Amino acid sequence: MNYLRVIRNNWKKCTFGAAVSVYALQALKTHIEIEQHMREFASNIQANWISDRPKKVLVVMNPVANKKRSEKFFKNYCEPVLHLAGYSVEILRTNHIGHAKTYVEELATLPDAIVVAGGDGTSSEVVTGLMRRRGNLCPITILPLGRSVQSASKRINIFGVKDVDYVKSLSKALEPMLKDESQYQSVIRFDVINEEDGSNSQLKPIFGLNGLSWGLLEDIDAAKDKYWYFGPLRHYASAASKSFADNWSLKTDYVYTPPCPGCVDCAATVQRQETAQPSGLFTRGLIKYKNNPGETKRPLVKNDNCSKKFEGSAEASQININCVQNKDNFAELESQFISSLQPGWEFIKQIPEVTCSKILPSLVVKSRTIQLHPDGEMGEKFYSIDGEEYDARPIKVSVVPNAIKVFC
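Residues numbered from 1 in each chain as written. Predicted model: local features only at pLDDT ≥ 70, side-chain atom pairs only at ≥ 80, totals over all residues. Heavy atoms only, no water.

Draft legend 1. Structural context of unusual backbone geometry. A positive phi is found at Asp386, a non-glycine position, where the angle reads about 50°. Note on placement: Asp386 falls in the loop between strand 14 (382–385) and strand 15 (388–391). (Helix = DSSP H or I, 4+ residues; strand = E, 2+ residues; numbered from the N terminus.)

Set out below in structure tokens:
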């Protein structure tokens, strides 16, 4: 009874003490589980995956990714693993937009592998730098250290305690490189189009793994960090702020060619590409694409539909273009036009679906290439290519099959 009386008379202190005790126990439990996992992982590496010869790895790190926590996680849970496996690690800390792209493109000699320690933007820059080079390309591995690629840890951590599952996801991302397990992955190529004659401009292309997003849903996602004070509800707050906006509509003409598994016309188109001179927004000249020696080669046949072009126009509030593997097991572009969203109270009712990206498209276009020709002045509208913003202007999007080797 004396204990109960003390608790009743000092309930604030007791509540605070209990909260601190729970936090301490949870932190201790998490620390022990992480240490146990890393110890088991290290033992597995020593037993099975130590490299026969020293290998050089370039780590491209965005130090401000994931609220400046990416470098800490890499130093604690990834770099020791690479050293233990016999890798020589060189770290490039990017300090401005385009740094990784230029550095990888101008490397005198490529390393045995490149590790991307950042978000979607960092991976896009690395892929772009590699694809602009001539000759064989080194494989890459992507660590989920950026917020946009950090999909392994979904729970809200109590008092900010590190999630054990997130640390395990980093180990899992490194495993394929340690085992030398890789596969070729298709990438998406973006070329600016000359408005006068419709040809590709003299600007170097941008390459990405995830695709293009343009419109309302992208604006909502980009603006959510402004509402940080709403905590986990900031995405809902960002969507609500757009409910009665008057600049929803995107008008664009599009021209696309149907999907093709690879034919003589596709090969001839690649061979006709010429190197261009340095210039401009998407930065300097085009390069010739060379097939990777390890990719599965399909016999080149005549496809009468490959060179056909289909035109159309659309008015939508959101346009997404992604690279997908179709049922015939070759890569194609899937363009989704969402026009069902309308400003007002009906949109407020749809906010849960908007924040979860569950809005169904009104039009889906399957293609090998697609050109977008925005109608009129786009003002402050931007394309989002793998999380990086570019001016909305006429652009050609095409798929480059089996272009880059990824450890996965």
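Draft legend 2. The nonpolar core, seen in detail. The biggest cluster of nonpolar side chains holds 32 residues, and the ones touching the most others in it are Val59, Phe74, Leu82, Leu143, Leu145, Met177 and Leu178. The set of elements that each furnish at least two residues to this core consists of helix 2 (11–48), strand 1 (55–61), helix 4 (70–77), helix 5 (79–84), strand 2 (87–93), strand 3 (113–118) and helix 8 (164–179). Examining the composition of this core, we find that eight residues originate from one element, helix 8, more than from any other. If near-sequence neighbours (up to four positions away) are discounted, Met177 is found in contact with Leu82, Tyr87, Ala113, Val115, Thr141 and Phe407. Formed by 25 residues, the second largest nonpolar core is a distinct cluster that contains Ile188, Tyr256, Ala314 and Val399. (Core = buried A, V, L, I, M, F, W, Y, C linked by side-chain atoms within 4.5 Å. Buried < 20%, exposed > 50% of the residue type's maximum accessible area, 1.4 Å probe, protein only. Contact = heavy atoms within 4.5 Å.)

Draft legend 3. Region of interest: the sheet that holds strand 10 (residues 318–325). Ordered by their spatial adjacency, six strands build an open sheet running 12-11-10-7-14-15, and the pairing between neighbours is antiparallel. Looking at which strands have only one partner, the edges of the open sheet turn out to be strand 12 (363–367) and strand 15. Pairs of neighbouring strands in the sheet enclose a mean axial angle of 25°, with direction left out of account. Examined bridge by bridge, strand 11 (residues 331–338) and strand 12 share five bridges and lie antiparallel to one another. Bridge pairing links Glu334 to Lys366 in strand 12. Contacting strand 7 (212–215), strand 10, strand 11 and strand 14, helix 9 (residues 216–223) crosses the sheet at an angle of about 95° to strand 7. (Pairing = 2+ DSSP bridges. Axes fitted to C-alpha atoms, helices over the stretch in contact; angles between N-to-C directions.)

Draft legend 4. Structural detail: the packing of helix 9 against helix 10 (residues 234–241). Taken N-terminus to C-terminus, the directions of helix 9 and helix 10 make an angle of 130°; their axes are 8 Å apart at the nearest point. As far as their axial angle goes, helix 10 and helix 9 are oblique. Between helix 9 and helix 10 the crossing geometry is right-handed. Contacts between helix 9 and helix 10 involve Ile220, Asp221 and Ala223 on the former and, on the latter, His235, Ser238 and Ala239. Residues that form the contact of helix 9 with helix 10 fall into these classes: three nonpolar, two polar and one charged. (Parallel < 35°, antiparallel > 145°, perpendicular 65-115°, else oblique. Left-handed = near helix turned anticlockwise from the far one by under 90°. Nonpolar A, V, L, I, M, F, W, Y, C, P; charged D, E, K, R; others polar.)

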